[in-house]
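# Structure assessment
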Amino acid sequence: MRAVGRVRARPKPSAARYLPARQSYASLRAAAADCHGCDLYKHATQTVFGEGKVRAPVMFVGEVPGDVEDLTGHVFVGPAGRLLRKAMEAAGLDARDVYMTNAVKHFKFVERGKRRIHQKPKRIEIQACRPWLEAEIDLVKPHIVLALGAVAAGALLGPSFRLSHHRGEFVRSNTGARIMATMHPSAILRAPDSAARRKATARLVNDLRTIARSLRQK
Ligand code: URA
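Report follows, based on the coordinates. (Residues numbered from 1 in each chain as written. Predicted model: local features only at pLDDT ≥ 70, side-chain atom pairs only at ≥ 80, totals over all residues. Heavy atoms only, no water.)

Contact geometry for helix H1 (residues 25-33) and helix H4 (residues 123-140): axes closest at 11 Å, N-to-C directions at 170°. As summarised for this structure, H1 and H4 are arranged roughly antiparallel, according to the angle between their axes. For the pair H1 and H4, contact is made by Tyr 25, Leu 28, Ala 31 and Ala 32 and by Trp 132, Ala 135 and Leu 139, respectively. Across the contact of H1 with H4, the residue classes tally to 7 nonpolar, no polar and no charged. (Axes fitted to C-alpha atoms, helices over the stretch in contact; angles between N-to-C directions. Helix = DSSP H or I, 4+ residues; strand = E, 2+ residues; numbered from the N terminus. Parallel < 35°, antiparallel > 145°, perpendicular 65-115°, else oblique. Contact = heavy atoms within 4.5 Å. Nonpolar A, V, L, I, M, F, W, Y, C, P; charged D, E, K, R; others polar.)

Structure (structure tokens):
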């Protein structure tokens, strides 16, 4: 009779073991550049770590870097980033007050001919990348965190959070920061026509204005 061996559970993918012992912005960014905590690094060009002033009062959390971000290594520099920065300007929110990052730090895509089409990260990939996001929140200690889109909202507020019900509302978190969720600028770019795009942009500007006003009241 064959001996029945014990089946060893495969460890869950996680970035945890790549985190440096002493955490500064520079050490975190350098360590994240070599993260193999899940398989997404295999196809992406590079890790796209968060950027902005350490100790910025506001942190934006997007979903995952896009094509341009993957190629340049910088957050929110593609079409969605341009829309976001214009909306910040319209809302009177100073970009120097905002640290920007993503729930997942490697571009996830499928190739269609010459194009690389963004793919939504899986829950297991978001969880694997979570140690980086937690380390950024610990370091920056933002007063306000803005989740851009449902993926970031789920990562920050749990899978039961409904963006459609609670968009634009402040929620207290156990980090001490107040968290708001709004529509992702990429979703605005995908709106079916220019009227819908204008309406969605106006709502984004409105949410950013709420944040700018809240900063001024501090
Ligand atoms: N979309 C994101 O969520 N993040 C980026 O950095 C760019 C596009």
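Back to the write-up after that little detour.
Surrounding the ligand, one finds Gly 62, Glu 63, Val 64, Pro 65, Gly 66, Glu 69, Phe 76, Asn 102 and His 184. Asn 102 is positioned such that a nitrogen or oxygen atom in its side chain is 2.7 Å from a nitrogen atom of the ligand. His 184 places a side-chain nitrogen or oxygen 2.7 Å from an oxygen atom of the ligand. About the coverage of the ligand: the protein hides 94% of its 240 Å² of free accessible area. In the shell around the ligand, the residues fall into 3 nonpolar, 4 polar and 2 charged. (Near = heavy atom within 4 Å. Polar contact = N/O pair within 3.5 Å; in protein donor to acceptor, adjacent residues only side chain to side chain. Areas by Shrake-Rupley, 256 points an atom, 1.4 Å probe, with all protein chains shown as cover.)

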